[in-house]
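# Structural characterization, general
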Amino acid sequence: MSEKNKLSLSVQYPDARLQESLTRPKIRRWVKAALCAPAELTIRFVDAEEGRTLNRDYRGKDYATNVLTFAYNEGEQPADDAPTQADIVLCTDVLEAEAAQQNKSVEAHAAHLVVHGVLHAQGYDHDDDTEAAEMEGLESEILARLGVADPYLSEAR
């Protein structure tokens, strides 16, 4: 395995609704496609209650959101060989509702959210228009390599 994509991945399903369809090998493929450096990641699928609690407690927003990224070495100047470390939490309820609203499969939307979370874990953000354009462009390129349609072409701008 190349050093670039060295990955330690844990996938957790406390909300097991998507465990059979969003398998660990699929998730690993999506994560590796978005990696620019070695990483130690946990991907966790939760229900709306846990998603809301995490969003409220860590971001001060009292609602469940689609994906939360907790990057543990964000803002640090890590050693050259230090892996990116993060927990990425996907809320099954929001993921399924958004997929239905956007007329896309749950799998395609989950791939997008995993890629989005992995990019956040590596320091990408979308706080301003320039950052958003860069991050969205990367997401679109990565998803295209995975055979997933560009999620931004179908959204109203």
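Residues numbered from 1 in each chain as written. Predicted model: local features only at pLDDT ≥ 70, side-chain atom pairs only at ≥ 80, totals over all residues. Heavy atoms only, no water.

## Examining the environment of Ala132
- Within the secondary structure layout, Ala132 lies in helix α5 (residues 129-145).
- Accessibility expressed as a relative area gives 14% for Ala132, which makes it buried.
- Among all residues touching Ala132, those that are not within four sequence positions of it are Asp125 and His126. (Helix = DSSP H or I, 4+ residues; strand = E, 2+ residues; numbered from the N terminus. Buried < 20%, exposed > 50% of the residue type's maximum accessible area, 1.4 Å probe, protein only. Contact = heavy atoms within 4.5 Å.)

## A few points about the sheet that holds strand β2 (residues 39-46)
- Reading across from one edge, β1-β2-β4-β3 is the order of the four strands in this open sheet, with mixed pairing throughout. For this open sheet the edge positions go to β1 (7-12) and β3 (67-71), each flanked by a neighbour on one side alone. Each neighbouring strand pair of the sheet contributes to a mean axis angle of 15 degrees, computed without reference to strand direction.
- Relative to strand β4 (residues 84-91), β2 runs parallel, the two being bridged by eight bridges. Along β4, the bridge assignment pairs Ala39 with Thr84.
- Sheet strands touched by helix α1 (residues 24-34): β1 and β2. Its angle to β1, the strand with the most contacts, is close to 135 degrees.
- Strand contacts of helix α2 (residues 48-59): β2, β3 and β4, with the helix running at about 50 degrees to β3, the strand carrying the most contacts. (Pairing = 2+ DSSP bridges. Axes fitted to C-alpha atoms, helices over the stretch in contact; angles between N-to-C directions.)

## Describing the pattern of salt bridges
- Under the definition given, this model contains eight salt bridges.
- A salt bridge links Arg56 to Asp62; its shortest N-O distance comes to 3.6 Å.
- Look at Asp62 and you get partly exposed, because its relative accessible area is 40%.
- Among the ionic contacts, a cluster of salt bridges with common partners joins Asp15, Arg17, Asp93 and Glu96. (Salt bridge = Lys/Arg side-chain N within 4 Å of Asp/Glu carboxyl O.)

## Comments concerning the environment of Ser105
- Looking at the secondary structure, you find Ser105 in the loop between α3 (92-101) and α4 (106-121).
- Exposure remark for Ser105: the relative accessible area of 40% places this residue in the partly exposed category.
- Separated by ten residues in the primary sequence, Ser105 and Leu95 place their C-alpha atoms 10.0 Å from one another.
- At a separation of 2.9 Å, a polar atom in the side chain of Ser105 contacts the main-chain amide nitrogen of Ala108. (Polar contact = N/O pair within 3.5 Å; in protein donor to acceptor, adjacent residues only side chain to side chain.)

## Let's talk about the pairing of β2
- Among the eight residues that make up β2, six are buried, leaving the element largely enclosed by the rest of the structure.
- Across six bridges, β1 lies against β2 in parallel orientation. Looking at β2, one finds that Leu9 is bridged to Leu41.
- Of the crossover connections in this fold, the one passing from β1 over α1 to the parallel β2 is left-handed. (Right-handed = clockwise from strand over helix to strand, strands pointing away.)

## Quick look at the nonpolar core
- Of all hydrophobic cores here, the largest spans 35 residues; its most connected members are Ile27, Val31, Leu41, Phe45 and Leu90.
- Mapped onto this core, the elements with two or more residues apiece are β1, α1, β2, β4, α4 and α5.
- Sorting elements by how many residues they give to this core places α4 first, with nine residues.
- Beyond its immediate stretch of four places on either side in the chain, Ile27 contacts Leu9, Val11, Tyr13, Leu22, Ile43 and Phe45.
- If you look at the next biggest cluster of nonpolar residues, it comprises seven residues, including Leu68, Phe70, Val89 and Val94. (Core = buried A, V, L, I, M, F, W, Y, C linked by side-chain atoms within 4.5 Å.)

Nothing here speaks to function; it is all geometry.
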